[in-house]
Amino acid sequence: MINAVPLSAVLTIAAALFCIGLFGAMSRRNAVSILMGVELMLNSVNINLVAFWRYLQPDLITGQVFAIFVITVAAAEAAVGLAMVIAIYRSRQTVYIDTVDSMKG
Amino acid sequence: MELLIQIIFVLISTLILGAAVMVVRTRNVIHSALWLIASFFGIGALYLLLEAEFLAIAQVLIYVGAISVLILFAIMLTHNVTSGEGHKFYQRWWLALLVSLMLFAVILVPTLVGQDWTITARPSEESAIAGAVEMGTAFMREYLLPFEIAAVLLLVALTGAIVIAYEERAQRRRILTLAQELALRKQQQQNHAEE
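Residues numbered from 1 in each chain as written. Chains lettered and ligands numbered in written order. Predicted model: local features only at pLDDT ≥ 70, side-chain atom pairs only at ≥ 80, totals over all residues. Heavy atoms only, no water.

Q: Could you give me a rundown of the overall build of chain A, with the residues and numbers involved?
A: Along chain A, the regular secondary structure elements total 3 helices and 0 strands. Traced from its N-terminal end to its C-terminal end, chain A shows the element sequence α-α-α. Relative to the compact-globule value of 13 Å for 105 residues, chain A shows a C-alpha radius of gyration of 18 Å, a clear excess of over 25%. The principal-axis extent of the C-alpha atoms belonging to chain A is close to 55 × 25 × 25 Å. Here chain A holds 105 residues, and the buried ones make up 62% of them. (Helix = DSSP H or I, 4+ residues; strand = E, 2+ residues; numbered from the N terminus. Rg over C-alpha atoms; globule rule 2.2 N^0.38 Å. Buried < 20%, exposed > 50% of the residue type's maximum accessible area, 1.4 Å probe, protein only.)

What follows is the structure, given as structure tokens:
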């Protein structure tokens, strides 16, 4: 893998995935779709961490450990975020976040 | 051998990026969640190609197994019959597209391609790759405190998710203390005797 594919190719894939996730998070109205875009962005960060670990420091474990922590935080974020979506839906009968604007000045 | 790895890499990248594009452009939310699962699978395969086996398995277990099911549950619970109407995207979605494309084409790609990434001496191919055993040792030694903090974070998130999503209806189903239950039962017996 190290000799066959350059590091910049893997990083470019991760960057493209990040930008796709960013577009999804910015353009969607549905709150669940926004969370899906955020998950894509977190995954692209993980690809970066693993790629740097494999290409630059494969004898140290730091990159993989950090990726595991990112996965942990992403799981916690998804659980709380989806619970909030369900709570908002229960009180307002909508999941479109631009209609949830009662705190707008 | 190298050509084979390159072909596999291109296939996996196509799967990841194609599925991700379908996630953000499909109008049906459930289809978009299913494409998200495909993208997560591709990322797991990429981890396997990068020789991070433990992370690949964790990716499949956590993302493909748990988070996607959570997302599907949330979609099913909030699926309004009338939510078919209205726009799925903002009116100015092209602005978001422009920002993402500019970030990719103007900032990220020139930074990535025009850089010499050999910061440290590149280790030889024969040197040992750290695997699951080293990771377990690291979690029990130098990363013990972050490990415990992650455990507390997961507990707090679990409790918070239950508190936030708890149904109001459950308040009516109040759990009585033993004394209240005894008093209730005594009153019921009295009523029964009076009849």
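Here the narrative resumes.
Q: Summarise the overall build of chain B; cite the residues concerned and give the values.
A: A tally of regular secondary structure across chain B gives 7 helices and 0 strands. The 195 residues of chain B split such that 28% are buried. Summarising the internal contacts of chain B: among those between residues at least 6 apart in sequence, 50% fall at separations of at least 24. Accessible surface, chain B: about 13,500 Å² in total, of which carbon and sulfur atoms supply 68%. (Contact = heavy atoms within 4.5 Å. Areas by Shrake-Rupley, 256 points an atom, 1.4 Å probe, with all protein chains shown as cover.)

Q: Hey, could you go over the pattern of salt bridges for me, with residue numbers and the actual values?
A: Within this structure, the stated rule accounts for 3 salt bridges over all chains. Here Arg29(A) makes a salt bridge to Asp98(A), at a shortest N to O gap of 3.0 Å. One end of the pair, Arg29(A), is in the loop between helix H1 (7-27) and helix H2 (31-56); the other, Asp98(A), is in the segment after helix H3 (62-92), with 69 residues separating them in the sequence. Among the residues examined, Asp98(A) registers a relative accessible area of 33% and is labelled partly exposed. Note that Glu181(B) and Arg185(B) form a salt bridge whose closest N and O atoms lie 3.1 Å from each other. Remark: Arg185(B) and Glu181(B) occur in helix H7 (residues 178-194); sequence separation between them is 4 residues, near one turn of the helix. Among the residues examined, Glu181(B) registers a relative accessible area of 34% and is labelled partly exposed. With relative accessibility at 49%, the residue Arg185(B) sits in the partly exposed group. (Salt bridge = Lys/Arg side-chain N within 4 Å of Asp/Glu carboxyl O.)

Q: Run through the interface of chain B and chain A, naming residues and quoting values.
A: Often, the extent of an interface is quoted as the loss of accessible area on bringing the components together. Facing the 86 residues of chain B at the interface are 75 residues of chain A. In this assembly, chain B packs against chain A so that about 7,300 Å² is buried in total across both faces, 75% of it on carbon and sulfur atoms. Of all residues in chain B, the largest losses of buried area upon contact with chain A belong to Leu50(B), Thr78(B) and Tyr90(B), amounting jointly to 10% of the total for that side. The interface formed by chain B and chain A contains 1 salt bridge. Here Arg54(A) makes a salt bridge to Glu51(B), at a shortest N to O gap of 2.8 Å. Counting every contact that joins chain B to chain A gives 10 residue pairs in polar contact (both at pLDDT 80 or more). Only helix H1 (2-25), helix H2 (29-49), helix H3 (53-77), helix H4 (93-113), helix H5 (132-140) and helix H6 (144-165) of chain B provide two or more residues apiece to the side of chain B that touches chain A. Considered class by class, the residues forming the side of chain B that touches chain A number 60 nonpolar, 16 polar and 10 charged. (Buried area = accessible area lost by both parts, 1.4 Å probe. Polar contact = N/O pair within 3.5 Å; in protein donor to acceptor, adjacent residues only side chain to side chain. Nonpolar A, V, L, I, M, F, W, Y, C, P; charged D, E, K, R; others polar.)

Q: I'd love a proper account of the domain arrangement of chain B, names of residues and values included.
A: Here chain B is partitioned into domain 1 (1-81) and domain 2 (135-195). Computed from C-alpha atoms alone, the centre-to-centre distance between domain 1 of chain B and domain 2 of chain B is 34 Å. (Domains from an automatic or database assignment.)

Q: Which residues make up the packing of H1(B) against H2(B), and what are the values?
A: Residues and elements named next belong to chain B. Axis separation between H1 and H2 bottoms out at 8 Å; the angle between their running directions is 155 degrees. Of the possible angle classes, the one that applies to H1 and H2 is roughly antiparallel. Considering how the two elements wind past one another, H1 and H2 form a crossing that is left-handed. Facing H1, whose interface residues are Ile 8, Phe 9, Ile 12, Leu 15, Ile 16, Ala 19, Ala 20, Met 22 and Val 23, H2 presents Ser 32, Trp 35, Leu 36, Ala 38, Ser 39, Gly 42, Ile 43, Ala 45, Leu 46 and Leu 49. Partitioning the contact of H1 with H2 into residue classes produces 16 nonpolar, 3 polar and no charged. (Axes fitted to C-alpha atoms, helices over the stretch in contact; angles between N-to-C directions. Parallel < 35°, antiparallel > 145°, perpendicular 65-115°, else oblique. Left-handed = near helix turned anticlockwise from the far one by under 90°.)

Q: Can you break down a nonpolar patch on the surface residue by residue, with the values?
A: A cluster of nonpolar side chains, namely Trp93(B), Trp94(B), Leu95(B), Leu97(B), Leu98(B), Leu101(B), Met102(B), Val106(B) and Ile107(B), defines an oily patch on the protein surface of about 870 Å² accessible area. Note on placement: Leu95(B) falls in helix H4. (Patch = residues over 30% accessible without salt bridge, like charges linked within 9 Å, V, L, I, M, F, W, Y side chains within 5 Å.)

Q: So what's going on with the side chain of Ser39(B)? Which residues, and what values?
A: If you trace the backbone, Ser39(B) turns up in helix H2. You can call Ser39(B) buried: its relative accessible area is 0%. Within the local environment of Ser39(B), its side chain forms a polar contact with the backbone oxygen of Ile16(B), the two atoms lying 3.4 Å apart. With residues near it in sequence (within four places) discarded, Ser39(B) still touches Leu17(A), Leu40(A), Ile16(B), Ala19(B) and Ala20(B).

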